[in-house]
Structures are given as C-alpha cells and as structure tokens.
Amino acid sequence: ASGTGKVAELGSGVGAAIAGLDPTSIALSASGTTAAVGNRDGVVVVRGKDRLRVDAREDLVAPAVDDLGFVWVGQQSDTRHITAYGLGGDPHQVRTTLPRGDLVSFQVSRDSTRALALIETADGPGLYVMAIIRGSDRSPTSFGAPVRVQAASGTAVDATWVNDTDVASVGQTTSGPNIVRTTIGGKSSTLPKPDGRATAISGGSGGALLLRMSSGDVLQSTGGGWDTTGVTADVLGVQR
C-alpha cells in the first residue's frame, strides 16, 4: 500500500509459491491467481500452489503475461524471436523485425493487443511498439511492423505500459536516472530525475509510475517529482 508500506499477501498460496522461487522478476495476472516468475533458473508459471518451469534458457528478460493464457519470454541476445508459452508449457515462437541489439525488456499491453520492447543498440536505447497478431485459436502467430517511440537516454534499464496510450522508459546516466513518458504517436516528456540508480519501472494505478531504486526503495511519480511509497522491495513486479 503506497504511503504506509503495508503488504497484502497474494491468496490461494500464490504468494508463498512465488517467494519460494527466489524471484528476480514477476508478472501477475489481473486476478492475481497466475504469475510468470523469472529467477536464475529460467521462467516458472505459478497457478495457486502449482509450479511449471516453461523456459530454462540463460539470459532471459523478465517475462510478461497476457489475458489470453500466454506467458511471453525473450532472450537478451535475440531480438528477432519471442516465445509465447501456453499455461501448459506449449511453446509458440513468434518472429519479430526488431533491430539487432540487446533485448532489455518486453511487455504486453493491458488489452493484450500490443507489445513494448526496449532494446540497447549500438546507437543507444530503442523503444518499439508492435501489434500482436493471433490465429483463430488466439495463439500468437506474428508481430506487426515495429513503431519506434521516444526512449530515455543513457544505458537502457526498463520500460513499461502506463496506460493504453502511454509508455515510459528509464535509462541510467552518469547524473542519475533519465525517465521519459511518451504518448504513442504523440509527444514525450522527461520526468524529474530522482537521486540514485534505478533498477525497474512499472505502471501503477491511475496513470502513476512506480520506480524501484538500487536501495530497494520504491518511489511513486507525482505531479512535481517522486515520493517514497514506504515500501522496500527486492523485486518490482507487474500486475495486469
């Protein structure tokens, strides 16, 4: 809970199951009953107390979940292939036309129709939005042409959907985090710069943004800057 630091446990054994995996990233369904958990051994799907490892490759980025029963996983070293796993572990490899580079983050929009990819390229960070194309059974088959939007400068750290039309990205510079919020097809704005080093960004409720710092402190964007939430976290997860 922002401002108080109080923590509510996920029900049906999901919270305990996630904690037991020593997570480095968490993507949670809107209902809170299904999670895709990244850890040092790959990606695990958690449903209640049940756990299923769907991907054991190395250098995976944080997984994403959609509302149609798929967990999306990408590798840092491969921007041209993203794998969408059904909750039973069945893989669907989906090709992209993203530029070469290091994949930093990959997220699916809340309406499950688009994807957001942050890439570290030889020319700096690149942030791209792509349509998700699906077959008659709702399985993903391909991506639309990637559309580049304004990304934060510095070394790419993370990116997130703020709402259906806005995205945000964070890059680390020598003077601190650079955070940019962009309307797809519209203008972008640079947000105030907090002190320290940022490790993750996530869209919060009501269009707010949450930022995890290397200290573990979670900050929340306000009209004029960043306020502490009173929460210290090892991982900043994303809930649909």
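What you see is a predicted model, and the numbers here were worked out from it, not measured in a lab.

Conventions and cut-offs
- Along each chain, numbering runs from 1 in the same order as the chain's sequence is written.
- Whole-chain, interface and lining totals are the exception, using all residues; otherwise, since this is a predicted model, local features are given only for residues with pLDDT of at least 70 and side-chain atom pairs are given and counted only at 80 or more.
- In computing side-chain values, all of the structure's heavy atoms are included and hydrogens and water are not.
- Note on terminology: a nonpolar core comprises buried Ala, Val, Leu, Ile, Met, Phe, Trp, Tyr and Cys residues joined through side-chain atoms within 4.5 Å.
- A simple rule labels every residue: compare its accessible area, found with a 1.4 Å probe on the protein chains alone, to the largest value its type can have, and call it buried under 20%, exposed over 50%, or partly exposed in between.
- Put simply, DSSP H or I for four residues or longer makes a helix, DSSP E for two residues or longer makes a strand, and each gets a number counted from the N terminus.
- Any two residues whose heavy atoms approach within 4.5 Å are treated as being in contact.
- Residues are called lining when one of their atoms sits within 4 Å of a cavity or pocket point, these points coming from a 1 Å grid over the protein atoms alone, where a cavity is a set in which a 1.4 Å probe fits but cannot get out and a pocket is an open set with protein on both sides within 12 Å along at least five of seven lines.
- Grid points are joined across faces, edges and corners, and a volume is the space filled by probe spheres set on the points.
- The residue classification treats Ala, Val, Leu, Ile, Met, Phe, Trp, Tyr, Cys and Pro as nonpolar and Asp, Glu, Lys and Arg as charged. All others, Gly included, are polar.
- Polar contacts here mean pairs of N or O atoms no more than 3.5 Å apart (in protein, one a potential hydrogen donor and the other a potential acceptor; neighbouring residues in sequence count only if both atoms are side-chain atoms).
- Within this document, salt bridges are pairs made up of a side-chain nitrogen of Lys or Arg and a carboxyl oxygen of Asp or Glu, the two lying within 4 Å of each other.
- Only Phe, Tyr and Trp rings take part, Trp by its six-membered ring, and two of them pair if their centres are within 6.5 Å. Stacked means planes under 30 degrees apart, edge-to-face means over 60, and tilted covers everything else.
- In short, DSSP must find at least two bridges between two strands for them to pair.
- As a per-residue measure, pLDDT reflects the predictor's confidence and takes values from 0 up to 100.

**Student:** I keep staring at the nonpolar core and nothing clicks. Help me out?
**Tutor:** Taken as a class, soluble globular proteins show a tendency for nonpolar side chains to be buried jointly. Formed by 18 residues in total, the largest nonpolar core has its most connected members in Trp72, Phe106 and Phe143. Only strand E6 (70-75), strand E7 (78-86), strand E9 (102-108), strand E10 (114-121) and strand E11 (124-134) provide two or more residues apiece to this core. Every residue in contact with Phe143, bar those within four places of it in the chain, is listed here: Trp72, Ile82, Val94, Arg95, Thr96, Phe106, Ala115, Met130, Ala131, Ile132 and Ile133. Of all hydrophobic cores here, the second largest spans 13 residues; its members include Val162, Ile201, Leu209 and Trp226.

**Student:** Just to check I follow, could you spell out the layout of surface pockets for this structure?
**Tutor:** With a probe scaled to a water molecule rolled over the atoms, the places where space remains empty come into view. If you add up the space inside the largest pocket, you get close to 1,300 Å³. Lining the largest pocket we find 33 residues, and of these Val7, Ala8, Val231, Val235 and Gly237 sit closest to its centre. Looking at the lining of the largest pocket residue by residue, the class counts come to 17 nonpolar, 11 polar and five charged. Lining the second largest pocket are 43 residues, and of these Thr24, Ser25, Val61, Ala62 and Asp158 sit closest to its centre. Among the elements of the structure, strand E1 (25-28), strand E2 (34-39), strand E3 (42-47), strand E5 (64-65), E9, strand E14 (155-161), strand E18 (198-203) and strand E22 (238-239) are those that each provide at least two residues to the lining of the second largest pocket. The element contributing the most residues to the lining of the second largest pocket is E9, with five residues. Residue composition of the lining of the second largest pocket, grouped by class: 20 nonpolar, 14 polar and nine charged.

**Student:** Please explain the side chain of Asn39 as it appears in this structure.
**Tutor:** Summarising the element assignment, Asn39 is placed in strand E2. One polar contact links the side chain of Asn39 to the main-chain carbonyl oxygen of Leu21, over a distance of 3.0 Å. Leave out the neighbours within four places in its chain, and Asn39 touches Leu21, Asp22, Pro23, Thr24 and Arg53.

**Student:** Even after reading the chapter, I still don't get the pattern of salt bridges, so can you show me in this structure?
**Tutor:** A side chain with one charge may pair with a side chain of the opposite charge, provided their charged atoms come close. Scanning all chains against the criterion turns up four salt bridges. For Arg134, the salt bridge is made with Asp66, and the minimal N-O distance between the two is 2.9 Å. Residue Arg134 is located in strand E11, and its partner Asp66 is located in the loop between E5 and E6; the two are separated by 68 residues in the primary sequence. On the accessibility criterion, Asp66 (7% relative accessible area) is buried. Residues Arg114 and Asp111 are paired through a salt bridge, measuring 3.6 Å at the closest nitrogen-oxygen approach. Here Arg114 falls in the buried class, since its relative accessible area comes to 18%. Overall, Asp111 belongs to the partly exposed group, its relative accessible area being 38%.

**Student:** Help me understand the packing of aromatic side chains, please; the structure alone is not making it clear to me.
**Tutor:** The geometry of an aromatic ring pair comes down to the distance between the two centres and the angle between the two planes. Scanning the entire structure with this criterion turns up three aromatic pairs. Plain terms: the ring middles of Phe106 and Phe143 are 6.1 Å apart, the flat faces sit at 70 degrees to each other, and that makes the pair edge-to-face. One end of the pair, Phe106, is in strand E9; the other, Phe143, is in strand E12 (residues 140-143), with 37 residues separating them in the sequence. Ring pairing ties together the aromatic residues Trp72, Phe106 and Phe143, which thus form one cluster.

**Student:** What am I meant to see in the sheet that holds E6 here?
**Tutor:** Strands belonging to one sheet form pairs held by backbone hydrogen bonds; the direction of such a pair is parallel or antiparallel. Spatially, the four strands line up as an open sheet ordered E5-E6-E7-E8, and their pairing is antiparallel. Each edge of the open sheet is held by one strand with a lone partner, namely E5 and strand E8 (91-95).

**Student:** What's the story with the confidence of the model for the protein in this structure? I'm lost.
**Tutor:** Close inspection of predicted coordinates is inappropriate for parts of the model with low pLDDT. When pLDDT is averaged across the protein, the result is 93; 98% of the residues are at 70 or more. The element-level mean pLDDT for the protein is lowest in E22, coming to 87, with E9 highest at 98.

**Student:** Can you help me understand the side chain of Thr160 in this one?
**Tutor:** Looking at the secondary structure, you find Thr160 in strand E14. There is a polar contact of 3.1 Å between the side chain of Thr160 and the backbone nitrogen of Gly203. Those residues in contact with Thr160 that sit more than four places away from it in its chain are Gln107, Leu116, Val167, Ala168, Ile201, Ser202, Gly203 and Leu209.

**Student:** Where do I start with unusual backbone geometry in this structure?
**Tutor:** A negative phi angle characterises most non-glycine residues, just as the trans form characterises most peptide bonds. Look at Asp22: it is not a glycine, yet its phi comes out positive at around 50 degrees. The exposure class of Asp22 is exposed, given its relative accessible area of 59%. Even without glycine at this site, Ser112 takes up a positive phi of about 65 degrees.

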